[in-house]
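Chain by chain, the residues:
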Amino acid sequence: MSEAKVVYAVSKTHWDREWYLNFQNFRVRLVKLMDNLLDILEKDPQYVSFMMDGQMIPIEDYLAVKPEQFERIKKFVDSGRLVIGPWYVLPDEVLISGEAHIRNWLMGERLVRKFGGKKMNIGYLPDSFGHPSQMPQILSGLGMKWMTFWRGATEEIDKNEFCWEAPDGSKILVNLMPKGYSTGAEFPDDPDVLAARLDRYIDDFSSNANTNILYMSNGGDHLEAVPYLSKVIKGANERMRNGKIVHTTLEKFFTDLCEKLEGKNLKTVKGEMMGTHTAILLTSTISTRMYLKQLNFECERLLLDIVEPIHSIAAFQGYAYPKELILEAWRHLLQNMPHDSICGCSIDEVHRDMLYRYNQVREIGEALLDRCGIFYGAIGGKTLKSRDAAALFNASGQVRSSPVTVTVDLEPRLMGRLEFNDLDVPLASDTKAVRKTKIHDVLGRSVPAAVRAFDGDREIPCTLNSAEVYTGKLKLNPYTFPNQYCSIRCSVTFLAKDIPAMGYKTVSFLPVYEGKSGREEIAAPRIENEFFVVTPNGKDGSLDVLDKKTGALYSGIGRLADSGDCGDEYTYCPPLYDSFVYPDPDSIVITAEKRGSVSQVLAVSGIMHLPETVLETDARRSGRLLDCAFTTRVTLYNGIPRVDFETEFDNRAEYHRLRVLFPAGIRAETSASAGAFSVDTRPVEKKQDPQWQEWFTTNPQKEFCSVSDGERGLTVANRGLPEYEVYNEEKQSVIAVTLLRCVGEISKWNMRTRKDRGGWLVFAPEGQCKGKHLFEYSVIPHAGNWESSQSCAEARNFAFPPFPLPFTPADSGAASLPAEKSFVSLPPGLTVTAFKPCEFEEGYILRFYNTTTKTVKGDAVFNIPVKKVYNAGMNEETLGEMKLENGKLAVEAAPFRVLTLKLGV
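About the criteria used
- Residues numbered from 1 in each chain as written.
- Predicted model: local features only at pLDDT ≥ 70, side-chain atom pairs only at ≥ 80, totals over all residues.
- Heavy atoms only, no water.
- Core = buried A, V, L, I, M, F, W, Y, C linked by side-chain atoms within 4.5 Å.
- Buried < 20%, exposed > 50% of the residue type's maximum accessible area, 1.4 Å probe, protein only.
- Helix = DSSP H or I, 4+ residues; strand = E, 2+ residues; numbered from the N terminus.
- Contact = heavy atoms within 4.5 Å.
- 1 Å grid on protein atoms, 1.4 Å probe; cavity = no way out; pocket = protein on both sides within 12 Å on 5 of 7 lines; lining within 4 Å.
- Points joined across faces, edges and corners; volume = space filled by probe spheres on them.
- Nonpolar A, V, L, I, M, F, W, Y, C, P; charged D, E, K, R; others polar.
- Pairing = 2+ DSSP bridges.
- Axes fitted to C-alpha atoms, helices over the stretch in contact; angles between N-to-C directions.
- Left-handed = near helix turned anticlockwise from the far one by under 90°.
- Disulfide = S-S within 2.5 Å.

A. Expanded view of the nonpolar core. Formed by 178 residues in total, the largest nonpolar core has its most connected members in Ile 73, Tyr 376, Val 534, Phe 662, Phe 862 and Leu 903. The biggest single contributor to this core is helix H9 (residues 290-315), with 14 residues. Those residues within four positions of Leu 903 in sequence are excluded, and the remaining contacts are Phe 316, Phe 835, Gly 843, Tyr 844, Leu 846, Phe 862, Ile 864, Val 866, Lys 868 and Val 869.

B. Seen up close, the layout of surface pockets. Quantified by volume, the second largest pocket comes out at close to 930 Å³. Lining the second largest pocket we find 38 residues, and of these Thr 154, Met 274, Arg 682, Pro 683 and Lys 686 sit closest to its centre. When residues of the lining of the second largest pocket are traced back to their parent elements, those giving at least two are strand E10 (268-270), strand E30 (678-683), strand E31 (699-700) and strand E34 (723-728). The residue makeup of the lining of the second largest pocket, split by class, is 13 nonpolar, 12 polar and 13 charged.

C. Layout of the sheet that holds strand E12 (residues 400-416). A sheet is described by the order of its strands in space; here three strands give the open sequence E12-E16-E15, paired in antiparallel fashion. Each of the sheet's edge strands pairs with one partner strand only, and the pair in question is E12 and strand E15 (462-477). Along the sheet, successive strands turn relative to each other by an average axial angle of 30°, direction set aside.

D. Summary view of the packing of helix H6 (residues 191-205) against helix H7 (residues 229-237). Running from N to C, H6 and H7 cross one another at 65°; their axes reach a closest spacing of 8 Å. In this structure, H6 crosses over H7, and the sense of that crossing is right-handed. Side by side, H6 and H7 meet where Pro 191, Leu 194, Ala 195 and Leu 198 of the first sit next to Val 232, Ile 233, Gly 235 and Ala 236 of the second. The residue makeup of the contact of H6 with H7, split by class, is seven nonpolar, one polar and no charged.

E. Examining the state of the cysteines more closely. Taken as a whole, this structure holds zero disulfides when the rule is applied. The thiol of Cys 299 is not disulfide-bonded; the next cysteine sulfur, from Cys 343, is found 17 Å away. Classification of Cys 299 as buried rests on a relative accessible area of 0%. The cysteine Cys 838 is free of any disulfide, with Cys 372 supplying the nearest cysteine sulfur at 19 Å. Of the residues examined, Cys 838 reaches a relative accessible area of 1% and is grouped as buried.

See below:
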């Protein structure tokens, strides 16, 4: 005889901080929700618990308005009746980096500890628009063993409970929510109605369960707790015919579930959860409002690849690490990562607020880098050709070479200052000091024709991009007013070779006021270096790229292609009778110029005549055309095996999708792309799930995507362009990277590519992304595939180039740093994702992962005063001490394994 069915109802709200209303509108509702909830918990001791949606930011937002309620909240947290944690926000899992997932948990943990540390440490991710393949490893590394979600289930998942395995072998138990996180929303106050509803729930979903217990989410979007819940549950239990309902917590559900599953052989599933077998996925949000994705990429790179490692290196030399300020930058950035925010699927006011927060991240980061220049001014100037210098920082674990563009202020001359201690001037009767201003050399300064760059004593090729007389340079000092300088501000590009691993090297500069600028026009409409010959196609603005190493010719590279999109902010949907637009051949203008011995640049400009909009029937694009101008600059750097692109596009049209195409010259069966701590492989010919809820052909990516037939291939790198597709033509595969997807509503009611609505029909005209945009990407032809060719490493070099920090070197007596130094080096194949202080104790965290399909073994070498090294979890929990000998640590990383080291100082 089968066991009686039990519905485990977990009361909660699903709190979208901003979406179809702006943040403050939703906060007004949040304050009422929390006030009401606290009253219910106090008045009804039978109300078991309420879960705050697995995120801490609603608590933070509430206390910002009502800080006096802290102790009241803490009382219910301590008793387990108000369940908080583990995340700071509920993020979109696909669009943010693996490292950002960890910081989201750590920020949530900081807030949890203010309430005593009691929390729900479960992978509660109910509404993410897909789940990366490495989430089991991330959750396990954060101390979690269970996960529950709704969207993303693939066709092979036939039960609610299964094991999910990450690429490194990490496993986690998963509960798939039947039909979403709102199945228990709007409980009625009539026990007869509720009993009938619960019986039907058991009838509908029992067959999907491995045990007799079913999870039910008692709540929904922005819904408050109801005061009659205890009473109506009791009444429903007296009337149910198929089982009973238990008001409980998610932790209790999983605890009991594990007992019931003991001895059962659960199915193990591998790979991404990007299916639409049980729910719509809304995956087109990875290209909605592309400007947000680009800004998020920029800000993540600023904090992870520049600000944190630069300050950590300085801290090992005695410089005070600005932890609180960097955390403040992270707080602003994380507040942009919820799924309705970074996905671009909210009203326009929401995304304007996001621009402010991204700007706060940049302002904090840039100010901290400016302050940190004081420390790096300890680099000695004895070996430098001039006192106008820049330290080039390489935050990776390996030595690398890269083109670098730096803005430097040459020959600064004091322009003005305030003096209070000049005793030669009589004191005024009504002041304590005399204020004196000196003005020197403001006008009449010459602008250099060129700049010379030096790596130590060795001159290196250098291109002067621009030069101007600049009067805004201030030298700040905490004890005096700023000194203002007049300088020659120059933008300079050069190839930096062999920048030390997790370290820096110094380049100095001298202006040249006579001679040629180094910019020489060339007649031939092509550019060439030792790796490639790039020839433009005047008919469509694309390029032919000849790979000198393999002899392969890639034709049609970088062609812009536009098509209609009658979808919404959630889902792409082509018009029934679509029309495709390419650059007008008669508008193409090609110019080429040789920039000294550093690089060569080819510019392709033209016009695309785009239909103004789509017709109301969504059947076709309109006949009225608008001219949209574009310019693509293509750069070959000598010594660098890739072709870099920069495309400016002026969008004037609506309801369309703009992509850039890269015919691969080979036919591939699969494509690969970088993910969160992973490289994921997918079939080119996508199989359609017979029970699909949403149909799409695009894929997510981080810094690159790639195709190969085993003999040769093509990799396309990018900076903040997270969507690509590979499709097969007759003889070859084509990579299509999305640049813009332009629509004007949050959600439409009916759509051919989606079987349910994604949200509310609210207009969002700024989702059309009108105006000028800039896109950066790079093409890497190669032999073999992304791994054997190391094109993945070159793609990362493009996405995360070394960072130049201009500084003034110290005099010989004050110098404490050499002209170049490596602080940490790792074996090839290991990619650094974090170098920062420990969150809650002394020491530093160094995190990296194996980016290959093979086990990597070798030595991590530390040239910093590390006393001990510990193996740690992503949650920074110490797992055991490791053997450090003479600054070397033997490391071994399985394929795609993330390693976290805790460094004792």
